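Residue-level listing of the chains:
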Amino acid sequence: MVLIMNSKQMIEQLVGFNTVSRDSNLSLIDFVQNYLDDYGVASTRVVSDDGEKSNLYATIGPLEEGGVVLSGHTDVVPVDGQDWHTDPFLLTEDNGRLYGRGTCDMKGFIGIALSLVPQMRSLQRPIHLALSYDEEVGCRGAPAMIEQMVTNIPAPQAVIVGEPTSMSAVTGHKGIVGLKTTVRGYETHSSQTNRGVSAVMNAARLVGYLSAMAERLERDTPSDNGFNPHHTSIHVGVINGGTAMNIVSRHCEFVWDVRNIPGDDPDALIGEFEKYCKEEVLPEMRQRWSECFIQTDVIARAPEFSPKESAALELVQAITGAQDTSRGAYVAEAGQFQAAGFPTVMCGPGSIDQAHQPDEFISLEQVVQGESFLRRLIQDLST
Ligand SMILES: [Zn+2]
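Description of the structure in this document. Here the structure is a predicted model, which is why all the values come from computation and not from measurement.

About the cut-offs
Per-chain numbering applies: the sequence of each chain, read as written, is numbered from 1 onward. Only residues with pLDDT of at least 70 get local features here, since the model is predicted, and only at 80 or more are side-chain atom pairs given and counted; chain-wide, interface and lining totals rely on the full set of residues. For side-chain calculations, the full set of non-hydrogen atoms in the structure is used, while hydrogens and water are omitted. Coordination partners: N, O, S within 2.8 Å of the metal, 3.2 Å for Na, K and Ca; water not considered, so apparent gaps in a site are possible. A four-donor site is classed as tetrahedral when every donor-metal-donor angle falls between 85 and 135 degrees; four donors are called square planar, and six octahedral, when trans pairs exceed 155 degrees and all remaining angles lie between 65 and 115, with any other arrangement labelled irregular. A run of H or I in DSSP becomes a helix once it reaches four residues, and a run of E becomes a strand once it reaches two; helices and strands are each numbered from the N terminus. Residue burial is assigned from relative accessible area. The probe radius is 1.4 Å, only protein chains are included, and a residue is buried under 20% of its type maximum, exposed over 50%, and partly exposed in between. Grid points spaced at 1 Å over the protein atoms alone were grouped into cavities, where a 1.4 Å probe fits but cannot get out, and pockets, open sets with protein on both sides within 12 Å along at least five of seven lines, with lining residues defined by an atom within 4 Å of a point. Grid points are joined across faces, edges and corners, and a volume is the space filled by probe spheres set on the points. In this classification, Asp, Glu, Lys and Arg are treated as charged, Ala, Val, Leu, Ile, Met, Phe, Trp, Tyr, Cys and Pro as nonpolar, and every other residue, Gly included, as polar. Pairs were defined over the aromatic rings of Phe, Tyr and Trp, the Trp ring being its six-membered one, requiring ring centres within 6.5 Å. Orientation was assigned from the angle between planes: stacked under 30 degrees, edge-to-face over 60, tilted for the rest. Counting as a charge over the ring demands two things of the Lys NZ or Arg CZ atom: a distance within 6 Å of the ring centre and an angle within 35 degrees of the ring normal. Nonpolar cores are built from buried Ala, Val, Leu, Ile, Met, Phe, Trp, Tyr and Cys residues. Side-chain atoms within 4.5 Å join them into one set. The contact rule is simple, with two residues in contact once any of their heavy atoms fall within 4.5 Å. One requirement defines pairing of two strands: DSSP has to find at least two bridges between them.

## Section: the coordination of the zinc ion
Six octahedrally arranged donors around a metal ideally form angles of 90 or 180 degrees; four tetrahedrally arranged donors ideally form angles of 109.5 degrees. H73 (NE2), D105 (OD), E163 (OE) and E163 (OE) make up the full set of protein donors to the zinc ion, lying at 1.9 to 2.6 Å. Geometry at the zinc ion is irregular, judged from the 4 donor atoms that bind it and their angles of 53 to 137° at the metal. If you list the donors of the zinc ion from N- to C-terminus, the spacing comes out as H-x31-D-x57-E. One end of the pair, H73, is in strand β3 (residues 68-73); the other, D105, is in helix α3 (residues 103-115), with 32 residues separating them in the sequence. Residue H73 shares its accessibility class with D105, and that shared class is buried.

## Points about the layout of surface pockets
What the largest pocket holds in volume is close to 520 Å³. Secondary-structure elements contributing two or more residues to the lining of the largest pocket are β9 (175-184), β11 (233-241), β13 (251-260) and β14 (293-302). Looking at the lining of the largest pocket residue by residue, the classes come out as 15 nonpolar, 5 polar and 7 charged. Approximately 310 Å³ is the volume attributed to the second largest pocket. In terms of lining, the second largest pocket is formed by 16 residues, of which the most central are G196, V197, S198, M201 and N202. Secondary-structure elements contributing two or more residues to the lining of the second largest pocket are α5 (199-220), β12 (247-248) and α6 (266-288). Here the element with the most residues in the lining of the second largest pocket is α5; it accounts for 4 residues. Here the lining of the second largest pocket is built from residues that sort into 7 nonpolar, 6 polar and 3 charged.

## Side note on the packing of aromatic side chains
Counted under the stated rule, the structure contains 8 aromatic pairs. Centre to centre, the rings of F337 and F342 are 6.1 Å apart; their planes meet at 50°, and the pair counts as tilted. Look at F337 and you get buried, because its relative accessible area is 0%. Of the aromatic side chains, those joined through ring pairs into one cluster are F17, F31, Y35 and Y39. Lying over the aromatic face of F361, R97 brings its terminal NZ or CZ to 4.0 Å of the ring centre.

## Details of the nonpolar core
In a soluble, globular protein the nonpolar side chains are often hidden away together inside. By size, the foremost hydrophobic cluster in this structure holds 54 residues, and its most contacted members are V32, L36, L70, L114, I160, L374 and L377. Beyond its immediate sequence surroundings of up to four residues, V32 is in contact with L14, L56, L114 and L131. Counting residues in each nonpolar core, the second largest holds 26 residues, with V183, V197, A214 and I294 among its members.

## Some details on the pairing of β9
Counted residue by residue, β9 has 9 buried out of 10 residues, so it is predominantly covered. For β9 and β13, the ladder comprises 10 bridges, and the chain directions are antiparallel. Within the sheet, the bridge partner assigned to T182 lies in β13 and is E253. Looking at chain direction, β9 and β14 are connected through 9 bridges and run antiparallel. Looking across to β14, one finds that V177 is bridged to R301.

Laid out in structure tokens, this is it:
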């Protein structure tokens with residue numbers, strides 16, 4: 001049986017699948033794959049190493065060059081500790097808004113696109129759907145799918161990443177490298193600081209060094225590049241260490257990120273930090289105990305999305321009629337598509353102001369705008 005759903009019904013379906021990044025998204029992927037199957041559209045899964053999650057990509061229309069990729073992530077951020085006034089996984093309409101986790105980021109876009117599959121019968125150039133997982137935890141899912149798409153689909157004219165941009169064109173975002181630094185000290189009674197090596201206090205020195213680097217970047221970066229904040233940022237989000245007030249701590253670790261603007265090399269900054277660890281801090285620690293160490297591991301990485309003229313931007317501007325562009329403050333998969341050689345732009349319904357918030361919503365007006373945008377696109381690709 002072929003399912004026919006309007007965009008609101010489709011968004012309701014998708015919101016109903018709890019696809020918080022830490023959990024499986026396979027129920028949603030099963031649903032989408034079956035739905036596409038019913039329309040005779042074959043789709044390909046690109047499964048995570050543990051088999052718990054999957055990307056899905058599919059081509060609707062002829063396997064020709066010049067198509068358009070519609071990209072969206074299926075995972076959502078958690079609702080833990082947030083004060084929701086509705087059930088986050090049950091789409092609730094109130095006063096011109098659709099409430100639910102992922103309504104704007106970004107099941108709204110995916111839902112609208114899927115609901116229009118029945119309208120894609122006469123495409124002359126294809127629409128490719130690209131649905132990922134684990135975007136919200138460092139854009140970890142998409143790379144394996146993008147790698148396959150580069151070889152398996154005929155070169156598209158554009159990738160549209162449907163992050164919530166209120167349907168305006170976003171042509172840049174920062175890159176991110178997520179890191180974990182582990183500091184090993186030497187445990188003694190805290191009355192004997194002359195014998196021990198405090199992991200906590202040395203970690204604090206390192207955090208202080210990162211703070212100084214962050215301040216330097218803020219001061220030295222020209223502020224007219226359209227990013228907000230305008231500079232590459234460095235931030236420590238979590239720190240854990242030590243066991244008691246009266247024990248010189250053996251272990252401390254902290255998790256931090258570098259969010260680089262295009263043109264800044266995050267690895268050069270990380271290299272500067274590692275040099276400080278290796279040449280300044282570690283030798284002092286090892287004078288007391290030779291087995292002290294400082295180790296930094298990369299736990300997430302996604303490239304920056306650099307603003308440039310592209311066929312993707314032209315396409316979106318031609319459809320929306322709006323010429324203005326802006327930069328996103330957040331990291332998304334656009335940089336990964338761009339790095340793979342695809343002309344890419346970000347444009348999708350809903351406002352980033354509601355993303356990740358309690359009582360996340362998308363306005364019906366944005367749903368209508370997103371729908372008419374995609375209808376125009378389908379029309380363009382059908383002639
Ligand atoms: Zn998103």
